[in-house]
Amino acid sequence: MATLTQEKCSACNKQSQPANAEEIAELKPQIPEWNLIEVEGEPRLQRTYAFKNFKEALAFTNQIGHLAEAEGHHPALLTEWGKVTVTWWTHTISALHRNDFIMAAKTDEIASSAN
Ligand SMILES: C[C@H](O)[C@H](O)[C@H]1CNC2=NC(N)=NC(=O)C2=N1
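Residues numbered from 1 in each chain as written. Predicted model: local features only at pLDDT ≥ 70, side-chain atom pairs only at ≥ 80, totals over all residues.

### With respect to the overall build of the protein chain
And then number 1: A count of helical and extended segments in the protein chain gives 3 helices and 4 strands.
And then number 2: Along the protein chain, helices (α) and strands (β) appear in the sequence α-β-β-α-β-β-α when read from the amino end.
And then number 3: Overall size of the protein chain, expressed as C-alpha extent along the three principal axes, is 40 × 35 × 25 Å.
And then number 4: Across the protein chain, the fraction of contacts at a sequence separation of at least 24, relative to all contacts at a separation of at least 6, is 68%. (Helix = DSSP H or I, 4+ residues; strand = E, 2+ residues; numbered from the N terminus. Contact = placed C-beta atoms within 7 Å.)

Okay, here's the thing in structure tokens:
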């Protein structure tokens, strides 16, 4: 199976195509721990990761920050004592794009190498 972690994010603009239902049905099983949520009527991917303390949560937050800068695609990050909540969606189209699934898979990869 082709893995999302091997893909790069494509540059997004207002003409970018949102992931359609068929694509979401194909991609979501590749990131099974992520929740598909809706905020203000917009779909988002969200997962909370657990850590031993705030310092480790902050280190993970920074790793995801570096990933976001490298890929040009940026999440919402909530860092708390012992946990980080990561939310991916594509602001320019107020929707989910394949980039969000790529970034969720890469976030999982970083989390599994951190623990
Ligand atoms: C110009 C720049 O590439 C864009 O504004 C990017 C930056 N990072 C982004 N991140 C996310 N998650 N969605 C976007 O639409 C987005 N746009």
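Here the narrative resumes.
### A few points about the nonpolar core
And then number 1: Counting 18 residues, the largest nonpolar core has Leu 45, Phe 51, Phe 60, Val 84, Trp 88, Phe 101 and Ala 104 as its most contacted members.
And then number 2: Of all the secondary structure elements, the ones that give two or more residues to this core are strand E2 (42-50), helix H2 (54-71), strand E4 (83-88) and helix H3 (98-114). (Core = buried A, V, L, I, M, F, W, Y, C linked by C-beta atoms within 7 Å. Buried ≥ 20, exposed ≤ 12 C-beta atoms within 10 Å, placed from the backbone.)

### Notes on the pairing of E2
And then number 1: The pairing of strand E1 (residues 35-39) with E2 spans 5 bridges and is antiparallel. Paired with Ile 37 across the strands is Arg 44, a residue of E2.
And then number 2: Between the antiparallel neighbours E1 and E2 lie 2 residues, among them Glu 40 with a positive phi of about 50°.
And then number 3: Where E2 lies against E4, 6 bridges are found, and the strand directions are antiparallel. Within E4, the residue paired with Gln 46 across the bridge is Thr 87. (Pairing = 2+ DSSP bridges.)

### Considering the sheet that holds E1
Hydrogen bonds between backbone atoms are what pair the strands of a sheet, whose relative direction is either parallel or antiparallel.
And then number 1: Taking strand neighbours across the sheet as the criterion, the 4 strands line up as E1-E2-E4-E3 in an open arrangement whose pairing is antiparallel. The open sheet terminates on both sides in strands that have one partner only, identified here as E1 and strand E3 (76-80). Across this sheet, the average inter-strand angle for adjacent strands is 30°, counted without regard to direction. (Axes fitted to C-alpha atoms, helices over the stretch in contact; angles between N-to-C directions.)

### A word on the site of the ligand
And then number 1: Every residue lining the ligand is accounted for by Ala 11, Cys 12, Gly 72, His 73, His 74, Thr 90, His 91 and Thr 92.
And then number 2: Broken down by class, the residue content of the shell around the ligand amounts to 2 nonpolar, 6 polar and no charged. (Near = placed C-beta within 6 Å. Nonpolar A, V, L, I, M, F, W, Y, C, P; charged D, E, K, R; others polar.)

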